[in-house]
Amino acid sequence: TTNQPTAMPVTATMGNDSPWIEIAAGFNHTCGVRQDKTLWCWGRNASGQLGDGTTTTRPDPKQVVAPDALGWVDVVASGDFTCGLRDGGALYCWGTNTLGQLGQMDVVSPVSTPKQVPGTFVAVDAGANHTCGVRTDGTLACWGRNSSGELGLGHTTSPVLGPTPVGVATNWKRVFLG
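This structure is a prediction, so every number in the text was calculated from the model and none was measured.

## A word on the overall build of the chain
Assigned secondary structure in the chain consists of zero helices and eleven strands. Each helix (α) and strand (β) of the chain, taken in turn from the N terminus, gives the series β-β-β-β-β-β-β-β-β-β-β. Expressed as lengths along the three principal axes of its C-alpha atoms, the size of the chain is roughly 55 × 35 × 30 Å. Buried positions account for 45% of the 178 residues belonging to the chain. Sequence separation of at least 24 residues holds for 41% of the intrachain contacts in the chain that already meet a minimum separation of 6. As displayed, the chain has an accessible area near 8,800 Å², and 54% of this comes from carbon and sulfur atoms.

## Examining the sheet that holds strand β4 (residues 58–63)
The four strands are arranged β1-β2-β3-β4 in an open sheet whose pairing can be described as antiparallel. The strands lining the two open edges of the sheet, one partner per strand, are β1 (20–25) and β4. The sheet shows a mean angle of 15 degrees between the axes of neighbouring strands, taken without regard to direction.

## So, the environment of Glu 22
Turning to its location among the elements, Glu 22 is positioned in strand β1. The spacing of Glu 22 and Gly 53 is 31 residues in sequence and 22 Å in space, taken between C-alpha atoms. If we skip the residues at most four places from it in the chain, Glu 22 touches Cys 31, Gly 32, Val 33, Asp 74 and Val 75.

## Details of unusual backbone geometry
Residue Pro 110 is reached from Ser 109 by a cis peptide bond, and omega for that bond is -5 degrees. Turning to its location among the elements, Pro 110 is positioned in the loop between β7 (90–95) and β8 (111–126). Positive phi outside glycine occurs at Lys 37, with the angle close to 70 degrees. With respect to the element layout, Lys 37 can be found in the loop between β2 (29–34) and β3 (39–43). Its identity is not glycine, yet Met 105 carries a phi of approximately 65 degrees, on the positive side. On the accessibility criterion, Met 105 (55% relative accessible area) is exposed.

## Quick notes on the side chain of Asn 97
Residue placement: Asn 97 occurs in the loop between β7 and β8. Residue Asn 97 is classed as buried on the basis of its relative accessible area, which comes to 0%. A polar contact is formed between the side chain of Asn 97 and the backbone nitrogen of Leu 102, at a distance of 3.0 Å. Beyond its immediate sequence surroundings of up to four residues, Asn 97 is in contact with Leu 102, Gly 103, Gln 104, Asp 106, Val 107, Val 108 and Ser 109.

## Considering the pairing of strand β9 (residues 130–135)
With five of six residues buried, β9 lies mostly within the body of the structure. The hairpin formed by β8 and β9 contains three residues between the paired strands. Taken together, the five bridges between β9 and strand β10 (residues 140–144) define a ladder with antiparallel strand orientation. Within β10, the position partnered with Gly 133 by the bridge is Ala 141.

How each quantity is defined
Residues numbered from 1 in each chain as written. Predicted model: local features only at pLDDT ≥ 70, side-chain atom pairs only at ≥ 80, totals over all residues. Heavy atoms only, no water. Helix = DSSP H or I, 4+ residues; strand = E, 2+ residues; numbered from the N terminus. Buried < 20%, exposed > 50% of the residue type's maximum accessible area, 1.4 Å probe, protein only. Contact = heavy atoms within 4.5 Å. Areas by Shrake-Rupley, 256 points an atom, 1.4 Å probe, with all protein chains shown as cover. Pairing = 2+ DSSP bridges. Axes fitted to C-alpha atoms, helices over the stretch in contact; angles between N-to-C directions. Polar contact = N/O pair within 3.5 Å; in protein donor to acceptor, adjacent residues only side chain to side chain.

Here it is, written out as structure tokens:
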């Protein structure tokens, strides 16, 4: 028999017994935050997007290398990179960084463990090659690919390597990217 995609949802029991509270699907990988605030990823890992310190593809969930003792509260997965938000507002990203989408002020790639993005955040989302986050002060910042002006900066269509303010509003609550 051949492996055919299933049209029915299946129950996945992976990792520990703590229930899933957040799931994010990228192009070829998936990540989830459990109720115990651990973060797990699985799937393609050629760019380090699973955050386990390797570029080994994993069919089963592998816990993301935690940079400190704080818990994960949110995760977003994109084409070949992932970002996770920690208790207290620290934002970490990892995976491909060819256009600055990790917010590290460089284009070193791949990054296979979480690296902190400057600033503190309350929300984050990722597009195919760019990222935006709402900072704790209510401002919106974006970084990464900008060839079509997707960062909303108005003055450039060049890639932006780190969090750059979008406008002057201070009442942002959430952000969604396509």
